[in-house]
Amino acid sequence: MCTNYLLAFNALCFVAQLASGGRLTAWGAKVNGLVNLGQYYRLFTAGALHVNLVHLLVNSYSLHNVGPALEQISGRQRFLTNYVAGAFFGNLLSWKLSPNPAIGASGAIFGIVGGLTVYFARHQELLGRNGEIMLQQMKKTVAI
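Anyway, here's the lowdown on the structure attached to this text.

Quick notes on the rules
Residues numbered from 1 in each chain as written. Predicted model: local features only at pLDDT ≥ 70, side-chain atom pairs only at ≥ 80, totals over all residues. Heavy atoms only, no water. Phe/Tyr/Trp six-rings, centres within 6.5 Å; stacked < 30°, edge-to-face > 60°. Buried < 20%, exposed > 50% of the residue type's maximum accessible area, 1.4 Å probe, protein only. Lys NZ or Arg CZ within 6 Å of the ring centre and 35° of its normal. Axes fitted to C-alpha atoms, helices over the stretch in contact; angles between N-to-C directions. Helix = DSSP H or I, 4+ residues; strand = E, 2+ residues; numbered from the N terminus. Parallel < 35°, antiparallel > 145°, perpendicular 65-115°, else oblique. Left-handed = near helix turned anticlockwise from the far one by under 90°. Contact = heavy atoms within 4.5 Å.

According to the stated counting rule, one finds four aromatic pairs in the structure shown. The interplanar angle of 75 degrees and the centroid separation of 5.6 Å between the aromatic rings of tyrosine 119 and phenylalanine 120 together place this pair among those described as edge-to-face. Taking the relative accessible area as the measure of exposure, tyrosine 119 reaches 25% and is therefore partly exposed. By relative accessible area, phenylalanine 120 is classed as buried at 6%. Joined through ring pairs, the aromatic side chains of Phe44, Phe88 and Phe89 make up one cluster. The ring centre of tryptophan 95 lies 4.5 Å from the NZ or CZ of lysine 96, which sits over that ring.

Below you can see the structure in the form of structure tokens.
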């Protein structure tokens, strides 16, 4: 599953952050002034970095919780596109609305939750109780 690869990728990026002594974080974080200077790659790379182990674990738990459902529904390619687009647009919104530097996969996670929400809203009649259970699971993920 692509979800498992993303979990491993995020963990490897965190290890690389630690091993680099903060240089990887400085290179990839969403820093508005640097994005304004044309370093648009930061709108992608910030989604693979995490502040600390707790941040990584919470995002990993959330991804593990909702990722497989969207991946199964939409397929690997659409799932990965949704994840990357969520990370990008989350960082784009952060760039526009917050002057603070930022890192983390929260935008990607919210993109997945959004994709599932759209799916369940469109197929409410077909899913019945299973759809209700999944919506409850998504509420827990968002709450965390």
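After presenting the structure, the write-up continues.
Interhelical geometry of helix H5 (residues 53-74) versus helix H6 (residues 76-97) gives an angle of 135 degrees and a closest axis separation of 7 Å. Here H5 lies oblique to H6, going by the angle between them. Judged by the sense of rotation from one axis to the other, the crossing of H5 with H6 is right-handed. Contact with H5, carried on its side by Leu63, Gly67, Leu70, Glu71 and Ser74, involves Arg76, Arg78, Phe79, Asn82 and Tyr83 of H6 and no other residues of that element.

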